[in-house]
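# An overview of the molecular structure
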Amino acid sequence: MNMMSEAAVEKALDRQMNDISYKMIGKDVSVYYGEKRALYDVNLNVRENTVTALIGPSGCGKSTFLRTLNRMNDTIDGCRVTGRITLDSDDIYDPNIDVVELRARVGMVFQKPNPFPKSIYENVAYGPRIHGLAKAKADMDAIVEQSLQKAGLWNEVKDRLHEGGTGLSGGQQQRLCIARAVAVSPEVILMDEPCSALDPIATAKVEELIHELRTNFTIVIVTHSMQQAARVSQRTAMFHLGNLVEENDTDKMFTNPDDQRTQDYIMGRFG
Amino acid sequence: MSQVSTSPSMAAVGASAKPERRDIGLRGRYAAERRFRFYGMAAIAFGLLFLFLLLFSVVSKGYTAFQQTMITIPVEFSQQIIDKNNERATNPQKLVTANYPVVARNALAKVLGVSEDDRAGLKAVNGMISDSVRVQLRNLVTADPSIIGTTQKVTFLAHGDLDSAFKGQIDLSVPETNRKVSDKQVGWMNQLAESGALSKHFNTGLFTNGASSRPEAAGVGVALIGSLYMMLIVLVLSLPIGVAASIYLEEFAPKNRFTDLIEVNINNLAAVPSIVYGLLGLAVFINFAGFPRSAALVGGLVLTLMTLPTIIIATRAALKAVPPSIRAAALGLGASKMQTVFHHVLPLAMPGILTGTIIGLAHALGETAPLLLIGMVAFVADVPATPMDPATALPVQIYMWANEAERAFVERTSGAIIVLLIFLILMNVGAILLRRRFERRW
């Protein structure tokens with residue numbers, strides 16, 4: 001990357017060291033699916049230019065929390081969110097906030113690779129196109145190339161940009177989905193178990209990619225793999241039965257957690 | 001014993017003594033599978049048999065309708081008969097009202113050598129010629145009055161009964177008084193056929209003519225145009241309305257009691273007998289809105305109402321079949337709901353929507369009962385110029401012809417069924433091709 005962004009990274013890291021800068025702040029977040037309560041007053045802050053991993057056993061509410069961050073829960077009937085979540089200083093559940101604009105700022109990568117049944121180029125160009133980010137064809141070409149490069153996919157697909165995105169391998173498809181999310185230039189990228197459908201080699205590539213993306217984006221990742229959380233994240237949050245059990249530096253979390261339940265989960269006693 | 005089994009040599013012996021196999025019912029399971037396959041094949045064979053019987057019965061009865069017996073002879077346009085007093089310059093009605101059948105009868109009598117005084121013979125000769133010759137010769141003369149007094153070679157339709165006899169559809173072994181064609185006429189028919197004056201031609205009239213009480217002059221022309229108008233109206237109205245309704249219900253409408261009620265009602269409407277739609281159309285479009293009776297417009301509107309539930313159900317099923325991950329991907333990128341639907345969901349659902357639409361249209365094309373109630377079961381001889389003009393439809397034409405007594409209408413009924421079946425097959429092939437064309441994998 002160029003000097004500008006490196007300077008930005010250093011500045012961000014500097015800020016992190018001195019006073020922590022929070023990109024998103026969740027305060028007393030509760031989620032209900034109809035009568036059923038899925039999250040209990042979660043207070044969790046997401047630090048800027050940091051990878052935050054959400055771990056916990058199945059059904060603990062980590063994916064639910066992730067989806068509150070770009071209001072993907074809105075699409076589920078009967079889902080209700082209380083509490084307050086801010087992105088920078090904007091309350092994202094404020095009626096004045098446009099959900100379309102929010103999702104352009106908070107992108108998402110899903111568990112299963114879900115490229116559109118269109119060409120690789122069209123997959124990446126779709127987001128910038130609907131948000132009007134590129135005026136000319138050359139601008140769009142540049143965005144597509146940069147996004148694919150950021151996703152580490154450019155060299156593999158540059159000769160077949162106009163072939164179907166669904167013809168790629170699983171790992172390539174997932175990186176295409178990451179490129180698609182990156183193309184909109186979001187501030188935060190949410191990843192919901194992005195490697196659960198991938199083989200170890202593809203997983204390694206995606207993890208490496210997450211590591212690089214941290215310089216430009218704030219990342220929140222849900223994962224079932226403790227090793228993955230340890231490898232890619234700087235902060236880890238542990239959920240259990242809809243409660244946030246503990247949120248800490250990843251190193252501390254995996255060596256000397258504050259909470260007994262975290263210890264038990266990491267040791268494999270449950271979950 | 002345990003000591004023995006540990007020695008290697010004895011272990012080999014132990015392995016050769018196989019343990020008794022458990023009976024896990026393999027034989028029974030395979031037998032069940034074979035039985036099931038047999039049932040399946042039997043069911044398919046049964047279905048194919050009836051399909052074959054249907055097609056065979058229709059085609060074997062109907063293929064002759066595509067040929068028509070015609071008589072080609074020199075016809076003398078006698079001034080004596082057409083315009084005895086030479087008053088056509090002053091009385092334009094003269095050429096219209098002239099006795100043209102006599103012109104044709106005399107021409108045929110001359111060829112057959114029947115004397116002008118043999119009244120019974122002339123009557124028999126007249127019975128070999130279609131009454132439609134009146135209109136044909138009149139048109140010839142009014143188009144060019146100078147042919148009066150000349151002799152022209154004219155090809156005209158043989159009478160329907162003679163047509164049936166020539167096609168071998170009349171049993172000549174029954175007593176002469178019990179059949180429509182006399183022995184004398186059969187003799188003349190063979191004589192004319194030998195001389196080449198009487199032969200079978202391709203029946204273009206079947207596709208261009210309207211209703212006629214003379215089977216040889218009747219055709220599905222009006223019915224084809226009427227059906228075409230109705231299909232266009234149904235397509236233009238039901239596709240946009242049906243797809244819009246389904247998209248709203250499937251993607252935008254909140255799921256509550258009210259939308260549940262609507263869904264149940266749409267499913268019920270799909271099962272409402274079509275004749276009820278006919279009554280509805282009669283009450284709403286004709287009695288209340290005042291549209292003309294027998295018009296293709298009203299028929300199209302009624303069939304639209306009937307087709308809508310089919311299209312809505314097919315479209316909703318196609319929309320439901322689009323993987324939710326595609327919606328999530330688009331929404332996650334910040335696409336609005338409408339962009340998600342129109343950029344991603346709808347293109348993927350398109351094959352299903354088109355298939356449903358064409359099946360709905362094919363259903364509408366074959367529908368008869370509602371059209372009976374809005375007056376499309378009418379005797380319409382003139383080709384309708386607009387959808388507001390009286391028209392009939394193919395299935396109604398079949399229904400009307402099936403009620404006719406003449407032998408020649410039997411083959412026409414089957415012929416019209418063949419035409420209808422060809423259109424249905426074309427539509428279904430179109431559905432398959434469109435589905436192939438739009439199908440995308442994900």
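Computed from a predicted structure; not experimentally measured. (Residues numbered from 1 in each chain as written. Chains lettered and ligands numbered in written order. Predicted model: local features only at pLDDT ≥ 70, side-chain atom pairs only at ≥ 80, totals over all residues.)

Attention now moves to the overall build of chain B. Tallying secondary structure elements over chain B gives 20 helices and three strands in all. Its C-alpha radius of gyration of 34 Å places chain B more than 25% over the 22 Å reference for a compact globule of 442 residues. Counting only C-alpha atoms and orienting by the principal axes, one finds that chain B spans roughly 130 × 65 × 35 Å. Within chain B, the proportion of its 442 residues that are buried is 36%. Nonlocal contacts in chain B, meaning residues at least 24 apart in sequence, comprise 76% of its contacts between residues at least 6 apart. (Helix = DSSP H or I, 4+ residues; strand = E, 2+ residues; numbered from the N terminus. Rg over C-alpha atoms; globule rule 2.2 N^0.38 Å. Buried ≥ 20, exposed ≤ 12 C-beta atoms within 10 Å, placed from the backbone. Contact = placed C-beta atoms within 7 Å.)

Scanning chain A from terminus to terminus reveals 11 helices and 10 strands. Computed over its C-alpha atoms, the radius of gyration of chain A comes to 18 Å, within 12% of the 18 Å expected for a compact globule of 271 residues. With respect to the three principal axes, the spread of C-alpha positions in chain A is 55 × 40 × 40 Å. For chain A, with 271 residues in total, the buried portion stands at 44%. Counted over contacts in chain A with a minimum sequence separation of 6, partners at least 24 positions apart contribute 68%.

Taken together, the contact pairs 20 residues of chain A with 17 residues of chain B. When grouped by side-chain class, the residues that make up the side of chain A that touches chain B number 10 nonpolar, six polar and four charged. (Nonpolar A, V, L, I, M, F, W, Y, C, P; charged D, E, K, R; others polar.)

Here we come to the pairing of strand S7 (residues 188-192) of chain A. All names here are of chain A. Of all five residues in S7, five are buried, a share of seventy percent or more. Residues Val188, Leu190 and Asp192 of S7 are buried on one face, and the alternating residues Ile189 and Met191, pointing to the opposite face, are buried as well. Pairing of strand S6 (residues 106-109) with S7 involves four bridges; the strand directions are parallel. Looking at the pairing, Met108 lines up with Leu190 of S7. (Pairing = 2+ DSSP bridges.)

Before going further, it helps to examine helix H16 (residues 324-332) of chain B. Of all the positions in H16 of chain B, only Ile326, Ala328, Ala329, Ala330, Leu331 and Gly332 of chain B are classed as buried. In the segment just after H16 of chain B, Gly334 of chain B is the residue with positive phi, at about 95 degrees.

Once that is clear, we can look at the domain arrangement of chain B. Residues and elements named next belong to chain B. Domain boundaries assigned for chain B yield domain 1 (64-203) and domain 2 (221-438). Computed over C-alpha atoms, the centres of domain 1 and domain 2 are 45 Å apart. On the domain 2 side, the residues contacting the eight residues of domain 1 number seven residues. In terms of residue class, the side of domain 1 that touches domain 2 is built from three nonpolar, four polar and one charged. (Domains from an automatic or database assignment.)

As a further point, take unusual backbone geometry. Residue and element names in this part refer to chain A. In this model, Ser185 sits at a positive phi of 55 degrees, which is unusual for a non-glycine residue. Among the secondary structure elements, Ser185 is positioned in the loop between helix H7 (170-183) and S7. Positive phi is not limited to glycine here, since Glu193 has a value of about 45 degrees. Inspection of the secondary structure assignment puts Glu193 in the loop between S7 and helix H8 (200-213).

A few words on the environment of Ala125 of chain A. Residue and element names in this part refer to chain A. Relative to the helices and strands, Ala125 resides in helix H4 (residues 120-130). Exposure remark for Ala125: the 23 C-beta atoms within 10 Å place this residue in the buried category. In this structure the C-alpha to C-alpha distance between Ala125 and Val184, which are 59 residues apart in sequence, comes to 8.8 Å.

Next up on the list: the environment of Asp131 of chain B. Residues and elements named next belong to chain B. Assignment of secondary structure puts Asp131 in the loop between helix H7 (119-126) and helix H8 (133-143). Residue classification places Asp131 among the partly exposed residues on the basis of 17 C-beta atoms within 10 Å. In sequence terms Asp131 and Glu216 are 85 residues apart; their C-alpha atoms lie 9.3 Å from each other. Residue contacts for Asp131: discarding those within four places in its chain leaves Pro101 and Arg214.

The UniProt record marks residues 24-266 of chain A with the feature "domain: ABC transporter" (unreviewed entry), using the residue numbering of this structure. End-to-end, the C-alpha atoms of residues 24-266 of chain A are 26 Å apart, and along that stretch the chain is 37% helix and 27% strand. (UniProt positions renumbered as here; feature names shortened; annotations may be inferred.)

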